[in-house]
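Overview (structure and organization)
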Amino acid sequence: MTDARTAAASVVDPEIRVITIDELGILRAVEEDPASGRVTVTITPTYTGCPAMDVIRADIRSALTAAGHPDADVQTVYSPPWSTDWISEGGRVKLAAAGIAPPAPVPAAGVVSLTLAVRCPQCGSPETEQVSRFGSTACKALWRCRSCSEPFDHLKAL
Ligand SMILES: [Zn+2]
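What comes next concerns the included structure. (Residues numbered from 1 in each chain as written. Predicted model: local features only at pLDDT ≥ 70, side-chain atom pairs only at ≥ 80, totals over all residues. Heavy atoms only, no water.)

The next subject is the sheet that holds strand β3 (residues 72-76). A sheet is described by the order of its strands in space; here 3 strands give the open sequence β1-β2-β3, paired in mixed fashion. At either end of the open sheet lies a strand with only one pairing partner, and these are β1 (27-32) and β3. In this sheet, adjacent strand axes meet at a mean angle of 15° when their direction is disregarded. Of the pairings in the sheet, the one linking strand β2 (residues 39-43) to β3 comprises 5 bridges and is parallel in character. By the bridge assignment for β3, T40 is matched with D73. Strand contacts of helix α3 (residues 53-66): β2 and β3, with the helix running at about 150° to β2, the strand carrying the most contacts. (Pairing = 2+ DSSP bridges. Helix = DSSP H or I, 4+ residues; strand = E, 2+ residues; numbered from the N terminus. Axes fitted to C-alpha atoms, helices over the stretch in contact; angles between N-to-C directions. Contact = heavy atoms within 4.5 Å.)

Listed below in structure tokens is the structure:
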């Protein structure tokens, strides 16, 4: 039997299949009641408008069932709100490797916000431009690199 935390953490984001919900930072808690064996998973949705949460809930339940925890409940909490800062270092590396430019850190309140260059995930050039606010999904914007002319998805900072 795989432990419930490991099983839930292995679920991949249905839109960004290279990264798990744990690396994305939306898996908040996995609690198992020692008496009943009932597992309660708490997740925080990412971008509003991403229709992925129902898929993620279903995927968590099937992963837990496959790991020997059929009695599972998935709860959604909205506070504190998810931010792209919750994406782990390992997750950012995977995003870049998949050709998705990871989001820049969100500036702290009160700090003068500089527009950080979005680096091309293909060649690393900061000479990039936004082509469309919406890429393949609502969470991603479509960008293009001026150095190598490659288009790429940029996960919007939030
Ligand atoms: Zn490039």
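A few words on the coordination of the zinc ion. At 2.3 to 2.4 Å from the zinc ion lie its protein donor atoms, namely C120 (SG), C123 (SG), C145 (SG) and C148 (SG). For the zinc ion, the 4 donor atoms in the first shell make angles of 104 to 118° at the metal, so the coordination geometry reads as tetrahedral. Here the donor residues for the zinc ion map to a single chain with the spacing C-x2-C-x21-C-x2-C. Classification of C148 by relative accessible area gives partly exposed; the value is 29%. (Donors = N, O, S within 2.8 Å, 3.2 Å for Na, K, Ca; no water. Tetrahedral: all angles 85-135°; square planar, octahedral: opposite > 155°, others 65-115°. Buried < 20%, exposed > 50% of the residue type's maximum accessible area, 1.4 Å probe, protein only.)

What follows covers helix α4 (residues 89-97). Residues of α4 that are buried: G91, R92 and L95. Here the buried residues of α4 occupy an arc of 100° about the axis, which is enough to place them on one side. Among the exposed residues of α4, those pointing more than 90 degrees away from its buried face are E89, V93 and A97. Close packing links the buried residues of α4 with α2 (21-24), β4 (100-101) and β7 (151-155). A positive backbone phi angle near 85° is found at G99, which sits one or two residues after α4. (Arc of directions from axis to C-beta.)

The next subject is unusual backbone geometry. Trans peptide bonds make up most of the peptide bonds, and negative phi angles are found at most residues other than glycine. The omega angle of the peptide bond from S79 to P80 is -5°, so this bond is cis rather than trans. Mapped onto the elements of the fold, P80 is located in the loop between β3 and α4. Despite not being glycine, S149 has its phi angle at roughly 65°, a positive value.

Let us look at the sheet that holds β4. Strand order in the open sheet formed by 4 strands is β4-β7-β6-β5, with mixed pairing between adjacent strands. Only two strands of the sheet have a single partner each, and these edge strands are β4 and β5 (128-132). By the bridge criterion, 5 bridges tie strand β6 (residues 140-145) to β7 in an arrangement that is antiparallel. Counted as the bridge partner of K140 is L155 from β7.

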